[in-house]
Amino acid sequence: MIQEKIPCSTDAVILVGGKGTRLRPLTLSTPKPMLPTAGVPFLSHLLARIKAAGITHVVMGTSYKAEVFEEYFGDGSEMGLEIEYVVEEQALGTGGGIRNVYDRLRHDTVMVFNGDVLGGTDLTKVLDTHAAKDADLTMHLVRVSDPRAFGCVPTDAEGRVLEFLEKTEDPPTNQINAGIYVFKRELIATIPPGRPVSVERETFPRLLEEGRRVFGYVDQSYWRDMGTPDDFVRGSSDLVRGIAPSPLLEGRTGEGLIDDTAGVSDGAWLLGGSVVGRGSEIGGGARLESTVVFDGVKVEPGAVIENSIIGAGVTIGANARISDCVIGEGAKIGARCELKGGMRVWPGVVIPDNGVRFSSDA
Ligand code: GTP
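- The name given to the protein chain in an unreviewed UniProt entry is D-glycero-alpha-D-manno-heptose 1-phosphate guanylyltransferase, with Corynebacterium kalinowskii as the source organism.
- Check the Sequence similarities (unreviewed entry) section of the UniProt entry for the protein chain; it says "Belongs to the transferase hexapeptide repeat family."

Shown next, in the form of structure tokens:
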């Protein structure tokens, strides 16, 4: 557990207003940061890390399905936090979302989080760097093995950010923007209010042009953007197996995580960090490999499911084979069906029994 070193001198802002289109159909009913991940809404892991770093005041910038967050977390007191919510009637983007919470900030140091990043960096070290450099803005930069899929952020020998580069086949550095930013509060007032602003495309380049003190805190900690089904499954599995850290799972990691109210029959296999949610039932001989099963799901005997997300209330028939799929809420997949290759089944869809084979890459 991270030591509490910086009690209450920093505000946390979490951006949770996105529509999460890449995770449809799961995000049609539930905003991405609230999707169950290793047994609890994804955001619970981030809030626990924020709390462990000694920050207690949290402002959430919400827009899409805004009410869901407050219904679940309330005023935050159960987690030992004080949570406020600021709703954007029209989504304002990442920069607009930060600007929109300005009036709620209490401290000169503001730590902003993308609400869909699973990370393991030591938050206190990012804050220490910000203070030591007397920075206007400090960003967490993570070194990745293949930076080509991301914009990259080169820094000089002192850690000062040189530029923000778009994706390229030949990146000059393997440092990418990891989605945690420490702002001096007054800098947030310079973001134009009341209109959509992208912090990555508009605000950060402007701050460099103005010669502001923009620094990077660079490390090689665990990092994953949970935006796609593949990343979501891997992130959840990594949490369950203890590869990705969460204060909520300390001492409980292993090959599978089963909710206390779920039923897993003898002879069922849970492998690769699979999760079984509340009230779900897994039949004998079924095999789950790196799979996230939400609440109230029934998996009948002999079904084999790999690298997939099974939405709430779904039924998977006996001996069905599912791999690399997303099954929307309440869908019914018949016995012996075979679904693979990135298929997404929409909520409530019924696929009949008897070995119908569907594949998006067929
Ligand atoms: P996709 O539609 O799948 O790209 O997902 P997304 O809408 O979440 O977008 P993206 O992954 O780029 O967003 C990064 C983070 O910023 C997420 O935590 C989003 O919730 C958040 N975010 C994106 N747009 C907005 C916005 O308009 N307002 C607020 N408050 N947050 C936003």
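Still to come is the rest of the account.
### Observations regarding the site of the ligand
Next, step 1: Around the ligand sit 18 residues, and of these L15, T21, R22, E88 and G93 come closest.
Next, step 2: The backbone of G61 places a nitrogen or oxygen atom 3.0 Å from a nitrogen atom of the ligand.
Next, step 3: One nitrogen or oxygen atom from the main chain of G115 is found 2.9 Å from an oxygen atom belonging to the ligand.
Next, step 4: If the ligand stood free it would expose 610 Å²; the protein chains cover 82% of that surface.
Next, step 5: Partitioning the shell around the ligand into residue classes produces 4 nonpolar, 9 polar and 5 charged.

### Quick look at the pairing of strand β4 (residues 57-62)
Next, step 1: Counting buried positions over the 6 residues of β4 gives 6, a clear majority of the element.
Next, step 2: The side-chain alternation of β4 yields two buried faces, one formed by H57, V59 and G61 and the other by V58, M60 and T62.
Next, step 3: Sheet topology places strand β1 (residues 10-15) next to β4; 5 bridges connect them, and they run parallel. In the sheet register, V13 faces β4, and the bridge partner there is V59.
Next, step 4: Two strands pair when backbone bridges link them, and β4 and strand β5 (residues 82-87) are joined in this way by 6 bridges, in the parallel orientation. The residue bridging V59 from the neighbouring strand is E84, located in β5.
Next, step 5: Handedness of the crossover is the feature at issue here: the chain leaves β4, passes through helix α3 (residues 67-73), returns alongside β5, and the resulting connection is right-handed.

### A word on the nonpolar core
Note that soluble globular proteins tend to have their nonpolar side chains buried in a common cluster.
Next, step 1: Counting 26 residues, the largest nonpolar core has V299, I310, I316, I327, I333, L339 and V345 as the members making the most contacts within it.
Next, step 2: Residue contacts for I327: discarding those within four places in its chain leaves L26, I309, I310, G311, V314, I333, L339 and V345.

### Some details on the UniProt feature "domain: Mannose-1-phosphate guanyltransferase C-terminal" (unreviewed entry) in the protein chain
Next, step 1: UniProt marks residues 254-342 with the feature "domain: Mannose-1-phosphate guanyltransferase C-terminal" (unreviewed entry), using the numbering shown here.
Next, step 2: Between the C-alpha atoms that bound residues 254-342 the distance is 26 Å, and the span itself is 0% helix and 42% strand.

### Overview of a nonpolar patch on the surface
Next, step 1: Taken together, the side chains of L28, W346 and V349 define a hydrophobic patch exposed on the protein surface, amounting to about 250 Å² of accessible area.
Next, step 2: Looking at the element boundaries, W346 is found in the loop between β27 (344-345) and β28 (350-351).

### So, the side chain of S236
Next, step 1: Within the secondary structure, S236 sits in helix α8 (residues 229-241).
Next, step 2: Residue S236 is classed as buried on the basis of its relative accessible area of 0%.
Next, step 3: Not counting the four nearest positions on each side in its chain, S236 is found in contact with T37, A38, M226, G273, V275 and V292.

### Details of helix α5 (residues 123-132)
Next, step 1: All buried positions along α5 are accounted for by L123, T124, V126, L127, T129 and H130.
Next, step 2: Where α5 is buried, its residues meet β1, α2 (42-52), β6 (109-114), β8 (137-143), β9 (175-184) and β10 (214-219).
Next, step 3: Following α5 by one or two positions, D134 adopts a phi angle in the positive range, close to 45°.

Thresholds, definitions, all that
Residues numbered from 1 in each chain as written. Predicted model: local features only at pLDDT ≥ 70, side-chain atom pairs only at ≥ 80, totals over all residues. Heavy atoms only, no water. UniProt positions renumbered as here; feature names shortened; annotations may be inferred. Near = heavy atom within 4 Å. Polar contact = N/O pair within 3.5 Å; in protein donor to acceptor, adjacent residues only side chain to side chain. Areas by Shrake-Rupley, 256 points an atom, 1.4 Å probe, with all protein chains shown as cover. Nonpolar A, V, L, I, M, F, W, Y, C, P; charged D, E, K, R; others polar. Buried < 20%, exposed > 50% of the residue type's maximum accessible area, 1.4 Å probe, protein only. Helix = DSSP H or I, 4+ residues; strand = E, 2+ residues; numbered from the N terminus. Pairing = 2+ DSSP bridges. Right-handed = clockwise from strand over helix to strand, strands pointing away. Core = buried A, V, L, I, M, F, W, Y, C linked by side-chain atoms within 4.5 Å. Contact = heavy atoms within 4.5 Å. Patch = residues over 30% accessible without salt bridge, like charges linked within 9 Å, V, L, I, M, F, W, Y side chains within 5 Å. Salt bridge = Lys/Arg side-chain N within 4 Å of Asp/Glu carboxyl O.

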